[in-house]
Amino acid sequence: MPHARTETSVGTYESHSTSELEDLTEPEQRELKAKLTKLEAEIVTLRHVLAAKDRCCGELKRKLGFTALVGLRQNLSKSWLDVQVSNTYVEQKTSAALSTMGTALCRKLGGIKKSATLRSFEGNPKEGSRI
């Protein structure tokens, strides 16, 4: 195996030659793997705690009578923040999905713009329509 891959803090993988890994002793490698396992478990735990607190926050807002529109705005803001802090792969997938959605929307709006119904609302004299 000429190269090993390690995950960076943003979720992407960097390639390292195995000679860099061979510089570590077996106990050092075991220690680093144990630290990595512990950190990953802590991240999972923190995600669960955050989800529980988010549910609790939503319940409190509901009890306080916050409107759905305010909640929607806050959810969109939170979702946008989540996208900004997510790993690169998810960001790329989101970007691709939004791009595809934007292209489809532009095509649809272009079709509406060219439609006879819209031109009749515009009152185009060439079409002979009167409003």
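Conventions adopted
Residues numbered from 1 in each chain as written. Predicted model: local features only at pLDDT ≥ 70, side-chain atom pairs only at ≥ 80, totals over all residues. Heavy atoms only, no water. Helix = DSSP H or I, 4+ residues; strand = E, 2+ residues; numbered from the N terminus. Buried < 20%, exposed > 50% of the residue type's maximum accessible area, 1.4 Å probe, protein only. Contact = heavy atoms within 4.5 Å. Areas by Shrake-Rupley, 256 points an atom, 1.4 Å probe, with all protein chains shown as cover. pLDDT = per-residue confidence, 0-100. Patch = residues over 30% accessible without salt bridge, like charges linked within 9 Å, V, L, I, M, F, W, Y side chains within 5 Å. Salt bridge = Lys/Arg side-chain N within 4 Å of Asp/Glu carboxyl O.

Draft legend 1. Representation of the overall build of the protein chain in the model. Counting its secondary structure elements, the protein chain contains 5 helices and 2 strands. Across the protein chain, helices and strands are ordered from the amino to the carboxyl terminus as β-β-α-α-α-α-α. The buried share of the protein chain, taken over its 131 residues, is 2%. By sequence separation, contacts in the protein chain at least 24 residues apart represent 12% of the contacts at least 6 residues apart. Surface exposure of the protein chain reaches about 11500 Å², of which carbon and sulfur atoms provide 62%.

Draft legend 2. Structural detail: the confidence of the model for the protein chain. Residues of the protein chain with pLDDT of at least 70 account for 65%, and the chain-wide mean is 75. Within the protein chain, helix α2 (residues 26-64) carries the highest mean pLDDT (93), whereas strand β1 (residues 3-7) carries the lowest (51).

Draft legend 3. Examining a nonpolar patch on the surface more closely. The grouping of Leu 69, Leu 72 and Leu 76 at the surface amounts to a nonpolar patch, some 330 Å² of accessible area in total. Within the secondary structure, Leu 76 sits in helix α3 (residues 68-85).

Draft legend 4. Just the pattern of salt bridges, in detail. Evaluation of the coordinates by the stated rule reveals 3 salt bridges. Between Glu 31 and Lys 35 there is a salt bridge, with the nearest N and O atoms lying 3.6 Å from each other. Pair noted here: Glu 31 and Lys 35 are both in helix α2, with a separation of 4 residues, about one helical turn. Arg 62 is paired through a salt bridge with Glu 59; the nearest N and O atoms lie 2.4 Å apart. Linking Arg 62 with Glu 59, this pair stays in helix α2, spanning 3 residues, or about one helical turn. Look at Glu 59 and you get partly exposed, because its relative accessible area is 33%.

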